[in-house]
Amino acid sequence: MNRSSIGVFDSGYGGLTVLKEIAAQLPQYDYLYMGDNARAPYGPRSFQQVYEYTLEAVQWFFEQGCPLVILACNTASAKALRTIQQNDLEKIAPGKRVLGVIRPTAEVIGNYSKTGHVGVLGTKGTVSSGSYTLEIEKFFPHIKVSQEACPMWVPLIESNEHQKPGADYFVKQHINNLLAKDRDIDTILLGCTHYPLLMKKLSWFIPGGVEVVEQGKIVAKSLADYLERHPEIAGKCSKGGKIEFFTTGDTADFDEHAAIFFGRPVKSGQLAL
Ligand code: DGL
């Protein structure tokens, strides 16, 4: 394959909420999206497993010719990015780059809070890695971070059950748990790229005055800045506005669900990792 698109990866559909914003801010580039739906969710999986799956995905993107891959998945960013950047990249693809979504989000999230109390909702893997607490501390040492893992949310969203009344219990439970950890929270970060799909429901259960922050636009802005600062990488990324989609799962299923996340029709190809 000889694509020079920007690769965008997620365990399933969630990364499409990020790709949507990236493609809106940087429409001139080509993109190649891949969701590892056959092995989603990544949230409950071990460090080793998420690392191995993510590395396989990154290698696939490199084989396709992508000079740059965005892990549009917090779980993969938390559990695999650092090892890939520090140990693997030099060996498998010197000159290529892999970026995640946690650092760009941590860099700005403190600016949203007036009280200095931020809540983070994420998968079990992201929360237990402690990545958000560590990264936010680097940029905003005065901010108090409280976290809550929401293990049911991704399965509900991936199975398209999140809109139904049965999902309300799980949504409400985790919001209440988070707010009980710190009553001064005025900013809640959706630290999982699937969660923007719950936005409407979240607004029913989150008190007014608490801002809910999605990552898509933040990551897109950070990528735009990165490409500007790194013309040697930007120059390798092809331009043409083409977007291709692949899934390790069922393509008909993917196309149906993906259109909801991406906001326009999607036609995917199949791949086995
Ligand atoms: N969308 C992914 C994230 O941002 C994870 C979903 C999963 O558990 O696979 O963490």
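So, here's what we can say about the structure.

**Here we look at the site of the ligand**
Phase 1: Ser11, Tyr42, Gly43, Thr75 and His194 are the nearest of the 13 residues found near the ligand.
Phase 2: Within the backbone of Asn74, an N or O atom sits 2.8 Å from an oxygen atom of the ligand.
Phase 3: Against a free-state accessible area of 300 Å², the protein chains account for coverage of 99% of the ligand.
Phase 4: In terms of residue class, the shell around the ligand is built from 5 nonpolar, 7 polar and 1 charged.

**Concerning the pairing of strand E9 (residues 243–247)**
Phase 1: Judged from the 5 bridges that link them, strand E2 (residues 31–35) and E9 form a sheet pairing that is parallel. When the bridges of E9 are listed, Met34 appears paired with Phe246.
Phase 2: Pairing of E9 with strand E10 (residues 268–270) involves 3 bridges; the strand directions are parallel. Bridging across to E10, Thr247 finds its partner in Gln270.
Phase 3: In terms of handedness, the path from E9 via helix H13 (residues 251–262) over to E10 forms a crossover that is right-handed.

**So, helix H1 (residues 15–25)**
Phase 1: Among the 11 residues that make up H1, 8 are buried, leaving the element largely enclosed by the rest of the structure.
Phase 2: Every buried residue of H1 is accounted for by Gly15, Leu16, Thr17, Val18, Leu19, Glu21, Ile22 and Ala23.
Phase 3: Turning to H1, the residues buried within the fold contact strand E1 (6–10), E2, helix H11 (216–229), E9 and H13.

**Here we look at the sheet that holds strand E5 (residues 117–122)**
Phase 1: What the 4 strands build is an open sheet, ordered E6-E5-E7-E8; its pairing is parallel. Across the chains shown, the open sheet's two edge strands, defined by having one partner strand only, are strand E6 (144–149) and strand E8 (211–213). Strand-to-strand twist across the sheet, computed as the mean angle between neighbouring axes with direction ignored, equals 25 degrees.
Phase 2: In this sheet, strand E7 (residues 187–190) lies alongside E5 in parallel orientation, the contact comprising 4 bridges. Note that in E7 the partner of Gly119 across the bridge is Ile188.
Phase 3: Its contacts with the sheet place helix H7 (residues 131–139) against E5, E6 and E7, and it is angled at close to 160 degrees to E6.

Rules and cut-offs
Residues numbered from 1 in each chain as written. Predicted model: local features only at pLDDT ≥ 70, side-chain atom pairs only at ≥ 80, totals over all residues. Heavy atoms only, no water. Near = heavy atom within 4 Å. Polar contact = N/O pair within 3.5 Å; in protein donor to acceptor, adjacent residues only side chain to side chain. Areas by Shrake-Rupley, 256 points an atom, 1.4 Å probe, with all protein chains shown as cover. Nonpolar A, V, L, I, M, F, W, Y, C, P; charged D, E, K, R; others polar. Pairing = 2+ DSSP bridges. Helix = DSSP H or I, 4+ residues; strand = E, 2+ residues; numbered from the N terminus. Right-handed = clockwise from strand over helix to strand, strands pointing away. Buried < 20%, exposed > 50% of the residue type's maximum accessible area, 1.4 Å probe, protein only. Contact = heavy atoms within 4.5 Å. Axes fitted to C-alpha atoms, helices over the stretch in contact; angles between N-to-C directions.

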